[in-house]
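Structure at a glance
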Amino acid sequence: MSTAIIKNEPIPMVLRRLNSLMKIPFGKKLFTLAICTKSPYFASIKPKLIELRPGHSEWSMKKRRSVENHLGTVHALAMGNICELAAGTLMEVSLSTRKRWIPKDTHIEYLAKAKTDLRALANISYQEIDSNGDTHVIVNVMDLEGTTVVRAKINMWVSDKKAG
């Protein structure tokens, strides 16, 4: 069972749900469906969960006609969508249950044409999310050959949850 990134902290609700779903067939698919139900825009890229644990978030998406641009490559906003999904789920499973987050701004570098299926990877350490204020999450999106096609820096605003 995955544990919280911060020692002696309760396990975040999203991580508890994922852990319980992983015990049943198609658990990852059910978890992804729940995420896409809560935030329907993510469904547009039909994401697939690879791995999610405190400090680590990894998702994939297929290159298919509905996410292509006029060049036949994956559209920039589809890649931005998977970046936000990776960063947001990373924050959900990594932050203390006494904290909350919201995306503040995003900077995306388009490094190469995305001609294949994609994998988005985000990592964070306890030291990076230990305090309130700006927390920068870096998400790298790679193609099937391992080439980084997009790098996003998503600035998350972290604050204490209001009591009650």
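See the structure printed just above.
The sections below set out a description of the structure shown in this document. What you are looking at is a predicted structure, and each value in this text was computed from that prediction instead of being measured.

What about unusual backbone geometry?
A positive phi angle, close to 65 degrees, is found at Phe26, a residue other than glycine. Position of Phe26 among the secondary structure elements: in the loop between helix 1 (13–21) and helix 2 (27–38). Accessibility expressed as a relative area gives 62% for Phe26, which makes it exposed. With phi around 50 degrees, Lys46 is a residue other than glycine that occupies positive phi space. The topology assignment puts Lys46 in the loop between helix 2 and strand 1 (48–53).

Regarding the nonpolar core
Counting residues in each nonpolar core, the largest one holds 41 residues, and the members touching the most others are Val137 and Val139. Only helix 1, helix 2, strand 1, strand 2 (56–61), helix 3 (76–94), strand 4 (118–123), strand 5 (133–143) and strand 6 (148–160) provide two or more residues apiece to this core. The biggest single contributor to this core is helix 3, with 10 residues. Apart from the residues lying within four places of it in its own chain, the contact partners of Val139 are Cys83, Ala86, Ala87, Ala120, Leu121, Ala122, Val150, Arg151, Ala152 and Ile154.

A word on the environment of Pro40
Within the secondary structure, Pro40 is located in the loop between helix 2 and strand 1. Along the backbone, Pro40 and Asp130 are 90 residues apart, and their C-alpha atoms lie at a distance of 30 Å.

A short note on helix 2
Look at helix 2: 17 Å from first C-alpha to last across 12 residues, which is about the 16 Å you get at 1.5 Å a residue. For helix 2, the complete set of buried residues consists of Gly27, Phe31, Thr32, Ile35 and Cys36. Packing partners of the buried residues in helix 2 comprise helix 1, strand 1, strand 2 and helix 3.

About the thresholds
- Residues numbered from 1 in each chain as written.
- Predicted model: local features only at pLDDT ≥ 70, side-chain atom pairs only at ≥ 80, totals over all residues.
- Heavy atoms only, no water.
- Helix = DSSP H or I, 4+ residues; strand = E, 2+ residues; numbered from the N terminus.
- Buried < 20%, exposed > 50% of the residue type's maximum accessible area, 1.4 Å probe, protein only.
- Core = buried A, V, L, I, M, F, W, Y, C linked by side-chain atoms within 4.5 Å.
- Contact = heavy atoms within 4.5 Å.
- Expected span 1.5 Å × (residues − 1).

The analysis is restricted to geometry; functional conclusions fall outside its scope.
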